[in-house]
Amino acid sequence: APAASTASGDSPCAAAAERASEGWGSGLHQFANPPYDAEAWTSFQNDVESAIGSAESQCACSSQSCVTVREAMRDLRGLVSEMGTAIRNGSSPPSDAVQRQEAIDNKIASARAL
């Protein structure tokens, strides 16, 4: 397989996953407490989901590193979805959001190390 399709080292796969996770983490603070700006959330959610999709498409290989990154992106997509539900309902964000974000980042880091 060409080097660009693996997630090892500074590959496009792991880098794209890190961008998605960092984009999520850096923008989330604006949605920490109600009231939520629904329009801002929709824009933010679309940006994050686009970054997740980019990472998934760059991590299509069958190596363990790519599989691990895809798992991390699936987990991030789930977290984004649950947060979106909370924002639309005006309820609290998932109580384990921070731990889940750490687990996602740890998966990306482990994929980079493979």
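Since we're looking at a predicted model, the values are computed, not measured.

What counts and what doesn't
- Residues numbered from 1 in each chain as written.
- Predicted model: local features only at pLDDT ≥ 70, side-chain atom pairs only at ≥ 80, totals over all residues.
- Heavy atoms only, no water.
- Helix = DSSP H or I, 4+ residues; strand = E, 2+ residues; numbered from the N terminus.
- Rg over C-alpha atoms; globule rule 2.2 N^0.38 Å.
- Buried < 20%, exposed > 50% of the residue type's maximum accessible area, 1.4 Å probe, protein only.
- Areas by Shrake-Rupley, 256 points an atom, 1.4 Å probe, with all protein chains shown as cover.
- Expected span 1.5 Å × (residues − 1).
- Arc of directions from axis to C-beta.
- Contact = heavy atoms within 4.5 Å.
- Salt bridge = Lys/Arg side-chain N within 4 Å of Asp/Glu carboxyl O.

Chemist: Help me out: how do you make sense of the overall build of the protein chain in this one?
Modeler: For the protein chain, the count of helices and strands is four helices and zero strands. Traced from its N-terminal end to its C-terminal end, the protein chain shows the element sequence α-α-α-α. For the protein chain, whose C-alpha radius of gyration is 14 Å, the value lies close to the compact-globule estimate of 13 Å for 114 residues. Along the first, second and third principal axes, the C-alpha atoms of the protein chain reach 50 × 25 × 20 Å. For the protein chain, buried positions account for 35% of its 114 residues. In the form shown here, the protein chain has an accessible surface area of approximately 5,900 Å², with 52% of it arising from carbon and sulfur atoms.

Chemist: Explanation requested: the environment of Glu102 in the structure shown.
Modeler: Residue position: Glu102 is located in helix 4 (residues 97–113). For Glu102, a relative accessible area of 47% corresponds to the partly exposed category.

Chemist: Just to check I follow, could you spell out helix 4 for this structure?
Modeler: Each α-helix winds once per 3.6 residues, and so residues spaced three or four apart point in a common direction. For helix 4, which comprises 17 residues, the first-to-last C-alpha distance of 24 Å matches the rise-based estimate of 24 Å (1.5 Å per residue) to within 8%. The set of residues buried in helix 4 consists of Ala97, Gln101, Ile104, Ile108 and Ala111. Looking straight down helix 4, one finds that the buried residues subtend no more than 85 degrees of arc, so they occupy a single side. Among the exposed residues of helix 4, those oriented more than 90 degrees off its buried face are Val98, Asn106 and Ala113. Turning to helix 4, the residues buried within the fold contact helix 1 (12–27) and helix 3 (64–89).

Chemist: Help me understand the pattern of salt bridges, please; the structure alone is not making it clear to me.
Modeler: Enumeration according to the criterion identifies six salt bridges in this entry. When the shortest N-O distance is used, the salt bridge between Glu56 and Arg77 registers 2.7 Å. On the criterion of sequence distance, the pair formed by Glu56 in helix 2 (residues 38–58) and Arg77 in helix 3 is long-range, its members being 21 residues apart. Of the residues examined, Arg77 reaches a relative accessible area of 31% and is grouped as partly exposed. Lys107 is paired through a salt bridge with Asp75; the nearest N and O atoms lie 2.6 Å apart. With Lys107 in helix 4 and Asp75 in helix 3, this pair connects stretches of sequence that are 32 residues apart. Given the relative accessible area of 23%, Lys107 is considered partly exposed. Note on Asp75: relative accessible area 25%, which makes it partly exposed. Among the charged side chains, a network of salt bridges with common partners joins Arg74, Asp75 and Lys107.

From the geometry alone we can't say anything about function, so treat these as descriptive.
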